[in-house]
Amino acid sequence: MATLSHDPLWPRAGAWPALAELEPGASVDLTILGVPAWRTSLSPTNAHATPAAIRAALQRYSPALMPDRSQAGQAPRDLGELRFADAGDIDEPDGPEGEARTIAAVATALDRSSALVALGGDNSVTVATALGAWGDDLGRAGLVTIDAHYDLRDGVSNGSPVRRLVEAGLDGHRIVQIGIADFANSAAYARRAAELGITVIHRDELHGRRPAEVMAEALEIAGAGGGPVHLDADVDACDRSVAPACPASVPGGLAAWELRALVRAAASDRRVRSADLVEIDATTDAADERTVRLAALCVLEFAAGIAAR
Ligand SMILES: N=CN[C@@H](CCC(=O)O)C(=O)O
């Protein structure tokens, strides 16, 4: 990345302190954790390059919210007031041992942090990230996915995390899938979603609905057990023009602003303690890094949601 200009009145996001190096007992509002899984992806991917790319892209942005004249006060909000930390990357997160390391790292981070965003990696990371966040609350937990795909395939891959979580004990009636797209799924998996009691909000249903209203509906369903809710934000739900680095993004997907608004709305709800941003192969991004930049902005949207709690 080219050297970024320095302006003391324009602080940059990112470059957050290492979680392990904070003073003992210090707590934080949001921790990022790289989970660079890629080995079981159905499409060839270098998604393991993406956590570092997102960290670099964060520094393009200011952690500040601008005054909105629809709200009283008109004051800007500096998200630098929040306490951020970086828990580093999981070493070799693929496979049973890697998933066990991820589960442990997520649980440890959430002992000290109000919330955690996992930077994938492919969509397989949702399993260990959610299980680590839920811990003993699996029986009451909920899941919201923003994804073009059901991810209910058989086997272990980026196309199966939702099925694997159900098999681990997640109640399908507390799963909501936002953005499911035509021509990106099979009828068999649509039937599987229905059999499991999953609520599906088709991509076309989003036209004309406010993202915050859609997320509120999803959280009512996913949070009905009174347990924590994990957000799986698969960037391939977005239109291919804004997410060219996602192998399975399709033309006609969500707008970038819709994904950002959905992520912010989710994070503004205290039940959402964990999220993942997945399916980006930073090495195939457009020259302007638009997919990775969108993911970096989603990290900041998550922080904005926390600030609104
Ligand atoms: N979350 C993504 N799921 C896609 C993956 C497809 C791919 O990698 O090509 C799916 O199951 O179809």
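Just so it is clear, the structure is predicted and the values come from calculations on it, not from any experiment.

Participant: Lay out the site of the ligand with the relevant residues and their values.
Facilitator: In the vicinity of the ligand, 13 residues are found, and the nearest of them are Ser43, Asp151, Arg153, Asn158 and Asp234. Arg153 places a polar side-chain atom, nitrogen or oxygen, 2.7 Å from an oxygen atom of the ligand. In isolation the ligand offers 340 Å² of accessible surface; the protein chains occlude 91% of this area. Here the shell around the ligand is built from residues that sort into 2 nonpolar, 5 polar and 6 charged.

Participant: Now, about the pattern of salt bridges: what can you tell me, with residues and values included?
Facilitator: Note on pairing: side chains with opposite charge can pair once their charged atoms come close. Across all of its chains, the model carries 21 salt bridges by this definition. Taking the shortest distance from any N to any O, the salt bridge between Arg83 and Asp29 comes out at 3.2 Å. Residue Arg83 is located in the loop between β3 (77-78) and β4 (84-89), and its partner Asp29 is located in strand β1 (residues 28-35); the two are separated by 54 residues in the primary sequence. A salt bridge links Arg209 to Glu217, with the shortest nitrogen-to-oxygen separation between them at 2.9 Å. Residues joined in a network through salt bridges with shared partners are Glu205, Arg209, Glu213 and Glu217.

Participant: Help me get a handle on the nonpolar core, residues and values and all.
Facilitator: Ranked by size, the top nonpolar core spans 60 residues in total, and within it Ile178, Met215 and Phe302 carry the most contacts. Sorting elements by how many residues they give to this core places helix α8 (residues 290-307) first, with 13 residues. Among residues more than four places away in sequence, those in contact with Phe302 are Leu30, Ala115, Val117, Val263, Ala267, Val272 and Ala275.

Participant: Tell me about the side chain of His149, residues and numbers included.
Facilitator: Structurally, His149 can be placed in the loop between β6 (142-146) and α4 (161-168). When its relative accessible area of 13% is taken as the criterion, His149 is described as buried. A polar contact is formed between the side chain of His149 and the side chain of Asp236, at a distance of 3.2 Å. Ignoring any residue separated from it by four or fewer positions in sequence, one finds His149 in contact with Gln177, Ile180, Ala184, Asn185, Asp234, Asp236 and Ala248.

Participant: Mind laying out the packing of aromatic side chains, listing which residues take part and the relevant values?
Facilitator: The tally for this structure, following the rule as stated, stands at 1 aromatic pair. Where Trp16 meets Phe84, the ring centres are 4.2 Å apart and the plane angle is 10°; that geometry is what we call stacked. With Trp16 in the segment before β1 and Phe84 in strand β4, this residue pair connects regions lying 68 residues apart in the sequence. Phe84 shares its class with Trp16; the two are buried.

Participant: Break down the packing of helix α2 (residues 95-112) against helix α3 (residues 125-134) for me, with residues and values.
Facilitator: Between two packed helices, the angle of one axis relative to the other and the distance separating the axes together describe the packing. Running from N to C, α2 and α3 cross one another at 40°; their axes reach a closest spacing of 7 Å. When the axis of α2 is compared with that of α3, the two are oblique. By crossing handedness, the relation of α2 to α3 is classed as right-handed. On the side of α2, the interface is formed by Glu99, Thr102, Ile103, Val106, Ala107 and Leu110, while α3 contributes Ala128, Thr129, Leu131, Gly132 and Ala133. Residue composition of the contact of α2 with α3, by class: 7 nonpolar, 3 polar and 1 charged.

Participant: Outline the environment of Leu297, supporting the account with residue identities and numerical values.
Facilitator: Tracing the sequence through the fold places Leu297 in helix α8. Taking relative accessible area as the criterion, Leu297 reaches 17% and is therefore assigned buried. Separated by 88 residues in the primary sequence, Leu297 and Arg209 have C-alpha atoms spaced 22 Å apart.

Participant: An account of the sheet that holds β4 is needed here, citing residue identities and associated values.
Facilitator: As summarised here, the arrangement of the 8 strands in space is β4-β1-β5-β10-β9-β6-β7-β8, forming an open sheet in which the pairing is parallel. Strands at the two margins of the open sheet, each flanked by one partner only, are β4 and β8 (199-202). Ignoring strand direction, the axes of neighbouring strands in this sheet form an average angle of 15°. Where β1 lies against β4, 4 bridges are found, and the strand directions are parallel. Looking at β4, one finds that Ile32 is bridged to Asp86. The sheet contacts of α2 involve β1, β5 (113-120) and β10 (272-278), and relative to β5 the element is tilted by about 145°. In the packing of α8 onto the sheet, the strands contacted are β1, β4, β5 and β10, and the crossing angle to β1 comes to about 155°.

Scoring rules and cut-offs
Residues numbered from 1 in each chain as written. Predicted model: local features only at pLDDT ≥ 70, side-chain atom pairs only at ≥ 80, totals over all residues. Heavy atoms only, no water. Near = heavy atom within 4 Å. Polar contact = N/O pair within 3.5 Å; in protein donor to acceptor, adjacent residues only side chain to side chain. Areas by Shrake-Rupley, 256 points an atom, 1.4 Å probe, with all protein chains shown as cover. Nonpolar A, V, L, I, M, F, W, Y, C, P; charged D, E, K, R; others polar. Salt bridge = Lys/Arg side-chain N within 4 Å of Asp/Glu carboxyl O. Helix = DSSP H or I, 4+ residues; strand = E, 2+ residues; numbered from the N terminus. Core = buried A, V, L, I, M, F, W, Y, C linked by side-chain atoms within 4.5 Å. Buried < 20%, exposed > 50% of the residue type's maximum accessible area, 1.4 Å probe, protein only. Contact = heavy atoms within 4.5 Å. Phe/Tyr/Trp six-rings, centres within 6.5 Å; stacked < 30°, edge-to-face > 60°. Axes fitted to C-alpha atoms, helices over the stretch in contact; angles between N-to-C directions. Parallel < 35°, antiparallel > 145°, perpendicular 65-115°, else oblique. Left-handed = near helix turned anticlockwise from the far one by under 90°. Pairing = 2+ DSSP bridges.

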